[in-house]
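Structural overview for review
Residues per chain, in single letters:
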Amino acid sequence: MKYDSLPILRDGIADAGESNEEAHAGLRSGRLDRRSFLLGSAAGFGALGLAGCMPSDGLSLAEAEKLYAAVPDKKFPIPAVDVGKIDPKYYRRKVRYETKESPGTIIVDPANYYVYRIEGEGNATRYGANVGREGFLWSGDAYVGRKAEWPIWTPPKEMIARQPEAKKYAGGMAPGLDNPLGARTLYLYQNGRYTLYTIYSTSDPETIGTNLTSGCTGLLTQDMMDLYEKTPVKTKVVVLPA
């Protein structure tokens with residue numbers, strides 16, 4: 001599918017362009033937090049049907065704890081994940097995945113709550129994810145138009161009008177562990193324009209395997225850092241029907 005085969009999201013926010021790349025967020029109980037970001041206000045595309053693959057053997061609890069251990073990031077130390085809050089099927093692992101897509105391509109499978117990075121020769125790295133809730137799911141091709149480490153989040157004027165408590169972040173919310181966009185973010189584009197959709201990092205393990213967002217896709221921070229380092233700008237992203 002060509003990038004111009006899908007409409008660019010329009011809800012009074014997307015057309016504003018780069019200045020609103022950090023706009024996909026919301027407020028809960030009068031306070032910004034990561035969960036409220038996931039429940040943000042952007043509209044999505046229509047939903048359809050699915051795809052899948054065969055997993056390899058699962059990780060032991062000890063292996064998972066090592067994989068999701070604390071990370072001494074240069075800006076903000078990232079805490080270890082409580083792996084007991086995640087269904088083991090969502091742990092990062094190498095799997096068999098047959099596809100015609102080129103190595104490096106990212107495939108989002110919202111029906112099964114997975115993100116794949118194609119490694120070639122029928123192999124992929126699979127990550128557990130949270131995805132868009134009903135009414136905000138979309139499918140089609142995009143590409144990574146921009147990457148950011150510890151991005152600033154800025155609510156758009158439309159959000160501030162709806163939720164005045166967001167006004168205090170009109171100048172931007174500083175990067176950090178509480179920032180809704182997390183430690184690493186990949187911004188999805190079509191035809192040179194930001195779609196308002198991202199693949200971002202979350203520190204909330206209980207969100208993995210859920211329909212929570214307004215179309216964005218969240219990975220555990222340790223998983224997102226792994227994917228981020230392997231993903232250059234212009235990487236193709238395929239979002240499967242849900």
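Now for a description of the structure that goes with this document. (Residues numbered from 1 in each chain as written. Predicted model: local features only at pLDDT ≥ 70, side-chain atom pairs only at ≥ 80, totals over all residues. Heavy atoms only, no water.)

Here we look at the sheet that holds strand 8 (residues 193–202)
One open sheet accounts for nine strands, arranged 1-4-3-2-11-6-7-8-10; its pairing is mixed. Whereas interior strands pair on both sides, the edge strands pair on one side only; in this sheet they are strand 1 (93–96) and strand 10 (217–220). Across this sheet, the average inter-strand angle for adjacent strands is 30°, counted without regard to direction. Here helix 4 (residues 221–230) sits on the sheet and contacts strand 1, strand 2 (106–109), strand 3 (114–120), strand 4 (123–128), strand 6 (140–149), strand 7 (184–190), strand 8 and strand 10; the angle it forms with strand 7, its principal contact strand, is near 55°. (Pairing = 2+ DSSP bridges. Helix = DSSP H or I, 4+ residues; strand = E, 2+ residues; numbered from the N terminus. Axes fitted to C-alpha atoms, helices over the stretch in contact; angles between N-to-C directions. Contact = heavy atoms within 4.5 Å.)

A look at the packing of aromatic side chains
Taken as a whole and judged by the stated rule, the model has 11 aromatic pairs. A centroid spacing of 6.1 Å and a plane angle of 40° characterise the contact between Tyr-143 and Tyr-189, whose relative ring orientation is tilted. Highlighted residues: Tyr-143 in strand 6 and Tyr-189 in strand 7, separated in sequence by 46 residues. Here Tyr-143 and Tyr-189 have matching classes, each one buried. Grouping aromatic residues by their ring pairs yields a cluster made of Tyr-90, Tyr-97, Tyr-113, Tyr-114 and Tyr-116. Positioned above the aromatic ring of Tyr-228 is the side chain of Arg-184, whose terminal nitrogen or guanidinium carbon lies 5.8 Å from the ring centre. (Phe/Tyr/Trp six-rings, centres within 6.5 Å; stacked < 30°, edge-to-face > 60°. Buried < 20%, exposed > 50% of the residue type's maximum accessible area, 1.4 Å probe, protein only. Lys NZ or Arg CZ within 6 Å of the ring centre and 35° of its normal.)

Section: the environment of Gly-145
By the secondary structure assignment, Gly-145 is in strand 6. Accessibility expressed as a relative area gives 25% for Gly-145, which makes it partly exposed. Spatially, the C-alpha atoms of Gly-145 and Leu-188 are 5.8 Å apart, while their sequence positions differ by 43 residues. Setting aside residues up to four positions removed in sequence, Gly-145 forms contacts with Tyr-187, Tyr-189 and Val-233.

Re the pairing of strand 1
Here strand 1 shows a clear split, with Arg-93 and Val-95 buried on one side and none of Lys-94 and Arg-96 buried on the other. With four bridges connecting them, strand 1 and strand 4 associate as antiparallel partners. Residue pairing across strands places Val-95 opposite Ala-124, the latter belonging to strand 4.

So, the side chain of Arg-117
In this structure, Arg-117 sits in strand 3. Within the structure, Arg-117 has its side chain in polar contact with the side chain of Glu-119 (distance 2.6 Å). Excluding its chain neighbours within four sequence positions, the residues that come into contact with Arg-117 are Gly-104, Thr-105, Ala-124, Thr-125, Tyr-127, Leu-227 and Lys-230. (Polar contact = N/O pair within 3.5 Å; in protein donor to acceptor, adjacent residues only side chain to side chain.)

Regarding helix 4
Helix 4 sits mainly inside the fold: eight of its 10 residues count as buried. Inspection of helix 4 places Thr-221, Gln-222, Asp-223, Met-224, Met-225, Asp-226, Leu-227 and Tyr-228 among the buried residues, and these make up the whole buried set.

Comments concerning the pairing of strand 6
Here strand 6 pairs with strand 11 (residues 236–239) via four bridges, running antiparallel. Paired with Gly-140 across the two strands is Val-239, which belongs to strand 11. Sheet topology places strand 6 next to strand 7; six bridges connect them, and they run antiparallel. Counterpart to Tyr-143 in the pairing with strand 7 is Tyr-189.

Some details on unusual backbone geometry
What you tend to see is this: most non-glycine residues have negative phi, and most peptide bonds are trans. Of note, the phi angle at Tyr-113 is positive, near 65°, even though the residue is not glycine. Inspection of the secondary structure assignment puts Tyr-113 in the loop between strand 2 and strand 3. Phi at Trp-150 is positive, roughly 45°, even though this residue is not glycine. By the secondary structure assignment, Trp-150 is in the loop between strand 6 and helix 3 (157–162).

Keep in mind these numbers describe shape, not what the thing actually does.
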